[in-house]
Structure formats: C-alpha cells, structure tokens
Amino acid sequence: MCTGKCSKCIGITLFPLAACAIVSNILLYFPNGQVLQLSEITDLVWFFHGILGAGILVILPAFMMLGAGGAGCCANRCGMLLSVVLAVLGFAGGVYCVVISSLGLISGPLCDTGDGEYVYPFRNDSLEDNYLFNQTTWSICKEPENIILWNTVLFSILLAIGVIEAILCFIQVINGLTGFICGTCMKRRKVENKIGYLLKKGKTEVLVLQRQKLCIQF
C-alpha cells in the first residue's frame, strides 16, 4: 500500500475514535444521567483525558493525515513529515488517555456511602483486593445510583480507545517517515496517468527495460 493511502486510512479511522472518546468523557460528568455538583464528580474526570487527550490531540493529526494522503499540495514529503510530527502529538494524547483511564479504573469513583458524604471508598485498596475483582463491594456506593458500573464501563471504553489511537499514531509515525524518505505514490500515479493519456490519444511510446534490455512498443 502507498504511504499516502495508508496515511489517509489511518486519518479516517481516527475521527470516529476521537468522537467516541469525547462523548465518553462528557458522559462521565453525568453518572447514570444525573446532574451532580462539581464537588461530587470524580476528580480524574477533570483531567479531560477523553476530550483533550484522545479527542482534540488526535483530531488534529487526523486532519493532517487526510491531507498527506490526498492528491493536493500536502501529498508530498513535507506533508508526510508534518503528519509525523502531529502523529507524535496524537500518540502522546492516546497514551495520556490510557494512563488516566487506568488510574480511574483502579482508584474507583467518588460516591456517597450512605452518610451523605462523598468519599473514595476504594482508593486505598491494593491490586489484589481491588473492587474490580470483587463486585460484592459495589453496594457500598449508594449515590449516584450505579456509579461504579457507569465509571467502569466508560473508563474501560476510553482505555481501549486510547490504546487503539496510540497504536495507529505510532504506525503513522513509521509510515510518515517512510513517505518522507522514499516519497509517496503520487509521482508514480502521475506517470501512469500520463501513459494512459498517451495511449488514449493513439500515440506510440517505447519503454526501455534496462535490466532485460527489451523494447516494448505500445
């Protein structure tokens, strides 16, 4: 596959992933559809790992990848090099989302345990005793309703999205460097289009094969 076409495919794939990350991050502010006070929202949600990390920081390189893979002025070595720089930014955003999502899953949500005070009941748990592996402890959170399930699902989605985005951006770094060093397929396509145009016009062209020293007359 041409480096330009590969870049375009990666860019197209990143758009829905970034959109899902932004939506998932926003939903974390409304556990079970409830509107809470700012002090009652889990602190890690305010790191904007889905909106900023897996969202905006990934959308920017996605646009550049589409440009680098198209037939316009960006479909050149300079465009591929710029896509590499932005892909590194997208990779950092994906890794940032993975780190925060992992912390969110491990530490658990902020919730009311029944005395009207919002605390982090699972934050001091060890990995062996973590609430994720013992669902019987989930009933300790009384409010918001289903807060543990809500946070677990959304943080897991963001974790998966962050991993996929980081992998795709890393692939684009390699692909972009290849396109910058070796060039994209745009030049070859121009030659092929020119040959096709000459054939349609009924002109005769002779292509010399240097290795086999044969002449092919069209």
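Structure shown above.
Since this is a predicted model, take the numbers as computed values, not measurements. (Residues numbered from 1 in each chain as written. Predicted model: local features only at pLDDT ≥ 70, side-chain atom pairs only at ≥ 80, totals over all residues. Heavy atoms only, no water.)

Can you break down the packing of helix H2 (residues 49–68) against helix H4 (residues 147–182) residue by residue, with the values?
With their axes 11 Å apart at the nearest point, H2 and H4 run at an angle of 30 degrees to one another. Regarding the angle of H2 to H4, the classification is roughly parallel. Considering how the two elements wind past one another, H2 and H4 form a crossing that is left-handed. Contact residues: His-49, Gly-50, Ala-54, Val-58 and Met-65 in H2; Phe-155, Leu-158, Ile-161, Glu-165 and Gln-172 in H4. Tallied by class, residues from the contact of H2 with H4 come to six nonpolar, three polar and one charged. (Axes fitted to C-alpha atoms, helices over the stretch in contact; angles between N-to-C directions. Helix = DSSP H or I, 4+ residues; strand = E, 2+ residues; numbered from the N terminus. Parallel < 35°, antiparallel > 145°, perpendicular 65-115°, else oblique. Left-handed = near helix turned anticlockwise from the far one by under 90°. Contact = heavy atoms within 4.5 Å. Nonpolar A, V, L, I, M, F, W, Y, C, P; charged D, E, K, R; others polar.)

Tell me about unusual backbone geometry, residues and numbers included.
Here Glu-143 and Pro-144 are connected by a cis peptide whose omega angle stands at -10 degrees. Mapping Pro-144 onto the fold places it in the loop between strand S2 (118–119) and H4. One non-glycine residue, Phe-48, lies in positive phi territory at about 55 degrees. Structurally, Phe-48 is set in the loop between helix H1 (3–27) and H2. The backbone phi angle of Asn-146 is positive, close to 60 degrees, even though this residue is not glycine. By the secondary structure assignment, Asn-146 is in the loop between S2 and H4.

Just give me the short version of the environment of Gly-50, but keep the residues and values in it.
Here Gly-50 lies in helix H2. For Gly-50, a relative accessible area of 0% corresponds to the buried category. (Buried < 20%, exposed > 50% of the residue type's maximum accessible area, 1.4 Å probe, protein only.)

Describe empty space enclosed by the protein, listing the residues and the values that go with them.
In this approach a probe as big as a water molecule rolls over the atoms, and the regions it shows empty are the leftover space. If you walk through the whole model with that rule in mind, you get one cavity of 30 Å³ or more. Its boundaries defined by the atoms lining it, the largest cavity holds a volume of some 40 Å³. Around the largest cavity, the lining residues are Leu-28, Pro-31, Leu-36, Glu-40, Ile-41, Thr-42, Val-45, Leu-110, Ile-147 and Asn-151. Class assignment for the residues of the lining of the largest cavity results in seven nonpolar, two polar and one charged. (1 Å grid on protein atoms, 1.4 Å probe; cavity = no way out; pocket = protein on both sides within 12 Å on 5 of 7 lines; lining within 4 Å. Points joined across faces, edges and corners; volume = space filled by probe spheres on them.)

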